[in-house]
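# Descriptive structure summary
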Amino acid sequence: MTKFSVLPAWVRATLPYGLMKEKPEQKSYSGGSVFALHAQIRAAWSSGDYATLSKVGYMRNPVVNRCVRMIAESAASAELILFQGRQELDNHPLLSLIKRPNTRQSGKSFFETVYGHLLVSGNAYIEMTKIDEVPRELHALRPDRVRILTDTNGWPKGYEHKTGKRTIRQMIDDRGNSPVLHLAQFHPLDDHYGFPPLQAALMALDVHNAASQWNKSLLDNSARPSGALVYSAKEGHNLTEEQFDRLKRELEDGYSGAHQAGRPLLLEGGLDWKAMGYSPRDMDFMEAKNGASRDIALAFGIPPMLLGIPGDNTYSNYREANRAFWRQTILPLLGRTCDGLSHWFSGHLEEELRIDFDVDRIEGLALEREALWKRIGNAGFLEDDEKRQAVGYSPRDNT
């Protein structure tokens, strides 16, 4: 809009054309040069392959390391038992194989490895070694070295294990028996490979690691917020370039680093140190780190209370949190593993075998078991044999 636009139309019509054709209005700024900087940087996230999840997660992050070890050790501590039909077997070659899978590992150590692979990779592979068609050893294969072979219809037909320059292929026989047992977590977008829990918490993992790196950088910078060294120059007097470089070099050499923390700063005339503190908003990285820890624990199915993470602990005490951990995380994992082992061994041994775990020997469920026994024991309308069956025992042999 020009300044002539407010005049009536008949007045504007009498004005010369050159006067009506005004130059566009221009705005000027006499305050000196102004630079506007706008940077939009995307966050860099870690990839979800097995090597990255192992190095960045399990090997460098204490929360991930504790989650994997806690689940793997707890699940491997469960006592496995063997059934043939409804009868529990106390003496069977398969029980000896489970207790001593190979010459290098005991049963608990072997299953800790299997569960660790399953949690970090989403896949776990167990190879069976036979002598005279009898299973003799079990070995846990590293997931990143195994590839599933498929037929023209996309169904698995074998497994390829590669170590260095050596590649071994083991095919599924005509009866459907596989020399390799594949345990996999549910993956909504893959037909064969599993989805690792840690990949769902990959963003939380990167946030937690970044917060730890931020804290380490703060410690390296004298373990305190940075400040500004102000030179109160007299009129017409400023630091020369040589003086500025010397002052900067002395600060970096004499007052930077964790080993220089607390050293008094010696200033010459005209120099003043202005400390720059962090606002509460700047210090939110600690809450972000705790929030990332809770997300990682949630992905693995561990109550944050068991890991000592502050925040929204939904359980009234440690005992309830531990019971929920066993009921919601460990027992389902044990159930899926036992079902897979039962089907796998039954096909190879040509016996109807069922591998299960003894709930009565799990210390984390001792109070729950005690409460059940108390309720059943006080049930006067039940006979002794009925009470035994209600708690999972067979009736007494009265003969």
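Everything numeric in this text was worked out from a predicted model, so none of it was measured. Every chain is numbered independently, its residues counted from 1 as its sequence is written. Per-residue local features of the predicted model are confined to residues with pLDDT of at least 70, and side-chain atom pairs are confined, for both listing and counting, to 80 or more; whole-chain, interface and lining totals are unaffected and use all residues. Only hydrogens and water are set aside when side-chain values are computed; all heavy atoms of the structure are taken into account.

### Observations regarding the overall build of the protein chain
Test applied: Secondary structure follows DSSP: runs of H or I at least 4 residues long count as helices, runs of E at least 2 residues long count as strands, and numbering of each begins at the N terminus. Exposure categories follow from relative accessible area, calculated using a 1.4 Å probe and restricted to protein chains: below 20% of the type maximum is buried, above 50% is exposed, and the middle band is partly exposed. Whether two residues are in contact is decided by their heavy atoms, any of which lying within 4.5 Å being enough. Only the protein chains shown count as cover for residues, with accessible areas throughout obtained via the Shrake-Rupley method and a probe of 1.4 Å.
Of regular secondary structure, the protein chain possesses 14 helices and 11 strands. Out of the 399 residues in the protein chain, the part that is buried amounts to 35%. Long-range contacts, defined here as pairs at least 24 residues apart, represent 58% of the contacts in the protein chain between residues at least 6 apart. Carbon and sulfur atoms make up 51% of the accessible area of the protein chain, which amounts to about 26700 Å² in all.

### What about the side chain of lysine 289?
Position of lysine 289 among the secondary structure elements: in helix α10 (residues 285-300). Owing to a relative accessible area of 19%, lysine 289 belongs among the buried residues under this scheme. Apart from residues lying up to four places away in sequence, lysine 289 is in contact with His208, Ala211 and Ser212.

### Regarding empty space enclosed by the protein
Using the following cut-off: Residues are said to line a cavity or pocket when one of their atoms sits within 4 Å of a point; the points come from a 1 Å grid over protein atoms alone, cavities being sets where a 1.4 Å probe fits but cannot get out and pockets being open sets with protein on both sides within 12 Å along at least five of seven lines. Grid points are joined across faces, edges and corners, and a volume is the space filled by probe spheres set on the points. Each residue gets one of three labels, nonpolar for Ala, Val, Leu, Ile, Met, Phe, Trp, Tyr, Cys and Pro, charged for Asp, Glu, Lys and Arg, and polar for the others, Gly among them.
Counted by the stated rule, this structure contains 1 cavity of 30 Å³ or more. By volume, the largest cavity amounts to about 40 Å³. Lining the largest cavity, in full, are Leu141, Val146, Tyr159, Glu160, His161, Ile168, Gln170 and Val180. Sorting the residues of the lining of the largest cavity by element identifies β6 (156-163) and β7 (166-171) as the ones contributing at least two each. Of the residues that constitute the lining of the largest cavity, the class distribution is 5 nonpolar, 2 polar and 1 charged.

### Details of the nonpolar core
Definition in use: Here, nonpolar core means buried Ala, Val, Leu, Ile, Met, Phe, Trp, Tyr and Cys residues that are tied together by side-chain atoms lying within 4.5 Å of each other.
Core analysis: the largest hydrophobic core is formed by 60 residues, its most contacted members being Ile296, Phe300, Phe345 and Ile355. Counting residues per element, this core draws most heavily on helix α12 (residues 318-349), at 11 residues. Aside from chain neighbours lying at most four places away, what touches isoleucine 355 is Leu80, Ile81, Leu82, Leu94, Ile98, Cys338, Leu341, Ser342 and Phe345. Formed by 6 residues, the second largest nonpolar core is a distinct cluster that contains Tyr125, Val146, Tyr159 and Val180.

### Some thoughts on the sheet that holds strand β11 (residues 353-357)
This is how it is decided: Strand pairing is assigned whenever DSSP identifies at least 2 bridges connecting the two strands. To obtain each axis, a line is fitted to C-alpha atoms, and for helices this fit is confined to the stretch in contact; angles are then taken between N-to-C directions over 0 to 180 degrees.
Taken in spatial order, the 3 strands make up an open sheet running β2-β1-β11, and their pairing is antiparallel. The open sheet has two free edges, formed respectively by β2 (87-89) and β11, since each of these has just one partner strand. The sheet shows a mean angle of 40° between the axes of neighbouring strands, taken without regard to direction. Here strand β1 (residues 80-84) runs beside β11; their pairing, made up of 5 bridges, is antiparallel. Residue phenylalanine 83 lies in a different strand from β11, and its bridge partner there is arginine 354. α12 contacts β1 and β11 of the sheet and is inclined by roughly 160° relative to β11.

### With respect to the sheet that holds strand β5 (residues 146-150)
Strands sit in the order β5-β6-β7 across an open sheet of 3 strands; the sheet is antiparallel. Of all strands in the sheet, those bounded by a partner on one side alone are β5 and β7. Sheet twist, expressed as the mean angle between neighbouring strand axes with direction ignored, is 25°. Inspection of the sheet shows β5 paired to β6 by 5 bridges, in the antiparallel sense. In the strand pairing of β6, arginine 147 is matched with glutamate 160.

### Focus: helix α3 (residues 50-58)
The α-helix advances 3.6 residues per turn, and as a result positions three or four apart in sequence lie on the same side. Definition in use: Two N or O atoms form a polar contact when they lie within 3.5 Å of each other; inside protein one atom must be a possible hydrogen donor and the other a possible acceptor, and for residues adjacent in sequence the pair counts only when both atoms belong to side chains.
Among all positions in α3, only Tyr50, Thr52, Leu53, Ser54, Val56 and Gly57 are buried. One side-chain oxygen of the residue at the start of α3 lies 3.3 Å from the amide nitrogen of alanine 51, identifying that residue as aspartate 49.

### What to know about the packing of aromatic side chains
Which entries qualify depends on this criterion: Pairing of aromatic side chains here covers Phe, Tyr and the six-membered ring of Trp, requires ring centres within 6.5 Å, and sorts the geometry by plane angle: under 30 degrees stacked, over 60 edge-to-face, intermediate tilted.
Within the structure shown, the criterion is met by 4 aromatic pairs. Centroid distance phenylalanine 110 to phenylalanine 111: 5.2 Å. Interplanar angle 80°. Geometry classified as edge-to-face. No difference in accessibility class separates phenylalanine 110 from phenylalanine 111, as the two residues are buried. Relative to tyrosine 159, the ring of tyrosine 125 lies with its centre 6.2 Å away and its plane at 70°, an arrangement referred to as edge-to-face. Of this pair, tyrosine 125 sits in strand β3 (residues 123-131) while tyrosine 159 sits in strand β6, and the two are 34 residues apart along the sequence. Here the two residues tyrosine 125 and tyrosine 159 agree in accessibility, since each one is buried.

### Notes on the packing of helix α4 (residues 62-76) against helix α6 (residues 107-121)
Basically, it comes down to this: If an angle is under 35 degrees, it is roughly parallel; if it is over 145, roughly antiparallel; if it lies from 65 to 115, roughly perpendicular; otherwise it is oblique. Helix crossings are classified by the rotation of the near helix relative to the far one: an anticlockwise turn of less than a right angle makes the crossing left-handed, while a clockwise turn makes it right-handed.
Relative to each other, α4 and α6 sit at 140°, their axes nearing to 8 Å. Judged by the angle between their axes, α4 and α6 are oblique. Like other packed secondary-structure pairs, α4 and α6 cross with a definite hand, here right-handed. Here α4 contributes Val68, Ile71, Ala72, Glu73, Ala75 and Ala76 to the contact with α6, which in turn contributes Lys108, Phe111, Glu112, Tyr115, Gly116, Leu119 and Val120.

### What about the confidence of the model for the protein chain?
Do not read the predicted coordinates in detail wherever pLDDT is low. Spelled out, the test is: Think of pLDDT as the predictor's per-residue confidence, scored from 0 to 100.
Mean pLDDT over the protein chain stands at 79; residues scoring 70 or higher make up 72%. Here residues 28-40 is modelled with pLDDT under 50, and outside its nearest four sequence neighbours on either side it reaches 1 contact, counting other chains as well.

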